[in-house]
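Chain and residue survey
If you want the building blocks of each chain, they are given just below.
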Amino acid sequence: MALTIAGACGGGDDGPEDDARATTTIDSTTTTQPTPEEEAEAVYLELFDTVMRLLTTDPDPDSPDLARLAMDPVLSDIRDNLTTMQAANHIVERGPRTSQRVMSILMSEPNSALLRACSVGNDTRIDQDDGTIVDEGLSTRVLEATMQLDDGTWRVSEIATVERFDGEVPCPE
């Protein structure tokens with residue numbers, strides 16, 4: 001739906017410009033509320049991006065974003081991994097093939113969803129002290145994440161690897 005506002009311009013006998021009209025069109029778009037599945041997917045992908053950001057810049061286990069996006073046991077696991085990375089002075093260089101694709105989401109209860117994702121890991125762990133490569137690789141994993149609606153907010157509560165493949169392979173649907 002578009003709302004058009006028109007007003008007269010000019011004010012004298014200066015010629016044809018007196019009859020010119022200024023028209024402004026304002027688009028009134030209706031916003032639809034995201035579905036619970038869309039909300040859960042957005043949180044899962046945001047957690048992935050947040051963890052990658054922390055791993056590639058500053059492995060801060062106390063980042064407030066983590067508690068907003070995850071709950072135990074996932075939250076504790078992430079914090080433990082970031083603490084280990086921080087203590088070792090390691091960061092991750094994100095590889096060009098690293099990706100995360102949500103394949104499906106099934107609502108198991110009104111407050112719970114099971115998300116299935118295809119995860120390609122192509123990252124390199126680097127020692128910040130001397131720049132040496134600590135670990136690198138390329139693998140594909142099928143993950144299942146349990147999403148919980150907690151105080152009106154979706155959070156990741158569990159993540160399990162269902163299948164793991166060496167290299168980058170298409171995930172089975």
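Provided above is the structure to which this section pertains.
The structure displayed is predicted, hence computed values, not measured ones.

Turning our attention to the nonpolar core. One finds Tyr44, Leu47, Leu66, Leu115 and Met147 to be the most contacted residues of the largest nonpolar core, which totals 28 residues. Those elements that place two or more of their residues in this core are α1 (36-56), α2 (64-69), α3 (74-88), β4 (99-109), β5 (112-121), β8 (139-150) and β9 (153-166). For this core, the element with the most residues is α1, which contributes 9 residues. Setting aside residues up to four positions removed in sequence, leucine 47 forms contacts with Leu66, Leu69, Ala70, Val74, Ile78 and Val156.

A separate point is the packing of α1 against α3. Taken N-terminus to C-terminus, the directions of α1 and α3 make an angle of 15 degrees; their axes are 11 Å apart at the nearest point. On the basis of the axis angle, α1 is roughly parallel to α3. Crossing of α1 over α3 shows right-handed handedness. Together, Leu47, Val51, Leu54 and Leu55 of α1 and Val74, Ile78, Leu82 and Met85 of α3 make up the contact between the two elements. Partitioning the contact of α1 with α3 into residue classes produces 8 nonpolar, no polar and no charged.

Take the pairing of β4 next. Bridge analysis of β4 against β5 gives 9 bridges, and the strand direction is antiparallel. Pairing of valine 102 across the sheet is with alanine 117, part of β5. Linking two consecutive strands that pair antiparallel, namely β4 and β5, is a turn of 2 residues.

Glancing now at the side chain of serine 157. Along the polypeptide, serine 157 turns up in strand β9. Look at serine 157 and you get buried, because its relative accessible area is 5%. The contacts of serine 157, once residues within four sequence positions are left out, are Met71, Asp72, Pro73, Val74, Thr146 and Gln148.

Each regular strand displays side chains that alternate between the two surfaces of the sheet. Pairing between β5 and β8: 10 bridges, direction antiparallel. Note on β8: the bridge partner recorded for alanine 113 is methionine 147. As judged from the 12 bridges shared by β8 and β9, these two strands associate in the antiparallel manner. Within the sheet, the bridge partner assigned to serine 139 lies in β9 and is aspartate 166. In sequence, β8 turns back onto β9 through a hairpin of 2 residues, with aspartate 151 there showing a positive phi of about 55 degrees.

Cut-offs and rules
- Residues numbered from 1 in each chain as written.
- Predicted model: local features only at pLDDT ≥ 70, side-chain atom pairs only at ≥ 80, totals over all residues.
- Heavy atoms only, no water.
- Core = buried A, V, L, I, M, F, W, Y, C linked by side-chain atoms within 4.5 Å.
- Buried < 20%, exposed > 50% of the residue type's maximum accessible area, 1.4 Å probe, protein only.
- Helix = DSSP H or I, 4+ residues; strand = E, 2+ residues; numbered from the N terminus.
- Contact = heavy atoms within 4.5 Å.
- Axes fitted to C-alpha atoms, helices over the stretch in contact; angles between N-to-C directions.
- Parallel < 35°, antiparallel > 145°, perpendicular 65-115°, else oblique.
- Left-handed = near helix turned anticlockwise from the far one by under 90°.
- Nonpolar A, V, L, I, M, F, W, Y, C, P; charged D, E, K, R; others polar.
- Pairing = 2+ DSSP bridges.

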